[in-house]
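One-letter residues, chain by chain:
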Amino acid sequence: MNSLLNPHHPPPLPVSISTVHLRPSPTNRPLPHLFPVPHPNPPVTRWRPLMVKTSATTTTDELGWREAEGVNPAVSTSYRNPGIRRPNQTVLDAQARVCTGPTQTRPLTEEQTVKVLDTILRSVKGELSDEEPVSKAQLGAFFSGMTIRANAFPEPTQWSEGERRAINAFWPELVRALPSDVVFIADPEGSLMGLGGSIGPQFTGSNPSEMRLVGALREVLAGGHLGYEEVQGALRDVLPLSLCDKESAGAGESLLSAFLIGQRMNRETDRELKAYCLAFDDELGPPPIADVRSLTHYGEPYDGNTRFFRSTLFVAAVRSSYGESCLLHGVDWMPPKGGITEEQMLKFMGANTQLTSLQAKKLLEDEEVGFAYVSQREAHPSMHSLIGLREHIKKRPPLATSEKVQQFVRAKGKEAIVAGFYHEGYEEPLLMLMRRRGVEAGLVVKGEEGALSMTTRSGSANASKGLPVNYCSGFRSPPGAAVSAVDGVSRETFGFEVNAKDFGFAPSDTPRTDRSVSRNIELGLTALRGEKGPAYDRIVLNAGMVDHLLGCAGAEDIITAMDRAREAIDSGKALKRLLNYIKSSNKVN
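Since the model is a prediction, treat every value here as computed from it, not as a measurement. (Residues numbered from 1 in each chain as written. Predicted model: local features only at pLDDT ≥ 70, side-chain atom pairs only at ≥ 80, totals over all residues. Heavy atoms only, no water.)

*Asks:* Honestly, the overall build of the protein chain in this entry has me stumped. Any pointers?
*Replies:* Helices and strands together make up the secondary structure of the protein chain, namely 24 helices and 14 strands. Considering the protein chain as a whole, with its 589 residues, one finds that 59% of them fall into the buried category. Once local pairs closer than 6 in sequence are excluded, the contacts in the protein chain between residues at least 24 apart make up 76%. Counting every atom, the protein chain has about 23100 Å² of accessible surface; 50% of that belongs to carbon and sulfur. (Helix = DSSP H or I, 4+ residues; strand = E, 2+ residues; numbered from the N terminus. Buried < 20%, exposed > 50% of the residue type's maximum accessible area, 1.4 Å probe, protein only. Contact = heavy atoms within 4.5 Å. Areas by Shrake-Rupley, 256 points an atom, 1.4 Å probe, with all protein chains shown as cover.)

Shown next, in the form of structure tokens:
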């Protein structure tokens, strides 16, 4: 792998990451609470050699690669925080069916409902010995889903007859065993369950923060929507989530999980999404302003890729080499997919992934670097505190949309935001958030796995639900428009499917990575060394197409934009940028 990082060295024999030797680490013990909250000033990660099987016995010290204690870089799921308790799988599977939209929900059979309710009952009574306990977050999400279905969903996705019979059988005992906040979520108006009907209407919460959340939740559980200030107020009251200090905890996790999944099930309004998007902009103060002529913010789905090559990190290195500064952001691991992320790749390559926004600004301004990565952990610790709870919710909450449209650093020059999406109907809300951010250009891409990577596969192989893979939609400022003159009226809009064949790319299957961080890195580095193939083509396609669609200088002609991206790779400039970033990120003050 050293030659992959050094363009002047010939490539070694193919590297196999199949044999990995990790020493047991005494620091790798689970934390005592369910959803551990990151320390505001986390200690510097300690590194130790990782033995990797190659054509000759070599350590990663010799290859220039290092790995964190107790983490196997070959698999993205190993980055999951071991201190987070696993959710109960029986209830989690039920959540996947009933905690979704009005048309996607799949009612449970009577047998399935009996199994779920029996598991819940045995868990709250402390009698569940053969499975993980059902967490409060799971209780909140499951009963929130059931309540909203009964109150607001169309008849085909309301309770089935089997669900109703099972609930009638179990509720008399459940109402005596469940905590009052969960009973409130299951029957907020006392009209669904019969027994215990006075608990829900009388429930107000145990502290001022909970009282505000309960008031908002009543509307959500009825299928209603909230105002901008209501959503922001509720979020700011209860976050960051902390179960370490019971006295300072803003609200119980059952109420918070019910609120988050409930808003997604009701399909958020624009004002609700804006509230999520902007709620913690000033958490650590105003963002620094980088002295760069243009800056593109990349909003990849935070839960990563599980199947196909993720190209954005390498695209950023390409675009930065000809002056298009790029800011990436994300996390090391995020449910529900728990796939490969930029933070995992950068950490494995030895980059510093604990940069502040101010440090990222300096790297953006560095003429030898020009791109940067900021972790949500450093920029929005309140939002980051929800990762454990989000695993127990199962389905993606509104944050999964809003967190992709962030500006952790601003620019003196033009700004643009690019975000990936999968489900049809979220392209316009994402573009709305980008306009609300005031950027000059915005682009949403339905790449593979809902990520940003457009593919060169043939159209028939790209078949997917809703909009086709490679669908792009967005807006940009008209040619020659001054930054100050750009507003919601003067922007040009567009929407179409990109066919890579039209731009000279031969159809090819996307390289599979199957959660292998090291394989994704190897594909990207090999491409940046100039080796032609599917990974190389995808990096060129995504760099050139984004330049053209955002209206970047020098990319007015799309073929010229593609050629510029190829030249950045073939000349070695892009790889040099990535190497400079790894080095400089560990030195920036």
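*Asks:* Teacher, can you tell me more about the nonpolar core here?
*Replies:* Across soluble globular proteins, nonpolar side chains show a tendency to be buried alongside one another. In this structure, V318, L528, L578 and Y581 are the most contacted members of the largest nonpolar core, which totals 82 residues. No other element matches helix α22 (residues 534–549), which puts nine residues into this core. A234, A258, L260 and I261 belong to the second-largest nonpolar core, a separate cluster that totals 64 residues. (Core = buried A, V, L, I, M, F, W, Y, C linked by side-chain atoms within 4.5 Å.)

*Asks:* Explanation requested: the pattern of salt bridges in the structure shown.
*Replies:* If the charged atoms of two oppositely charged side chains come close together, the side chains can form a pair. Within this structure, the stated rule accounts for 29 salt bridges. With its nearest N and O atoms 3.7 Å apart, the salt bridge here joins R218 to E189. Of this pair, R218 sits in helix α9 (residues 208–221) while E189 sits in the loop between α7 (180–186) and α8 (199–202), and the two are 29 residues apart along the sequence. A relative accessible area of 49% places E189 in the partly exposed class. One network of salt bridges, in which partners are shared, links R293, R319, E324, D547 and R564. (Salt bridge = Lys/Arg side-chain N within 4 Å of Asp/Glu carboxyl O.)

*Asks:* Explain the sheet that holds strand β12 (residues 441–446) to me, please; I cannot follow it from the model alone.
*Replies:* Sheet strands associate in pairs through backbone hydrogen bonding, adopting either a parallel or an antiparallel arrangement. If you walk across this open sheet you meet the seven strands as β9-β8-β7-β11-β12-β13-β14, and the pairing is mixed. Of all the strands in the sheet, the pair left with one neighbour each is β9 (371–375) and β14 (492–497). Sheet twist, expressed as the average angle between the axes of neighbouring strands with direction ignored, equals 15°. Examined bridge by bridge, strand β13 (residues 471–476) and β14 share six bridges and lie antiparallel to one another. Bridge pairing links C472 to F496 in β14. (Pairing = 2+ DSSP bridges. Axes fitted to C-alpha atoms, helices over the stretch in contact; angles between N-to-C directions.)

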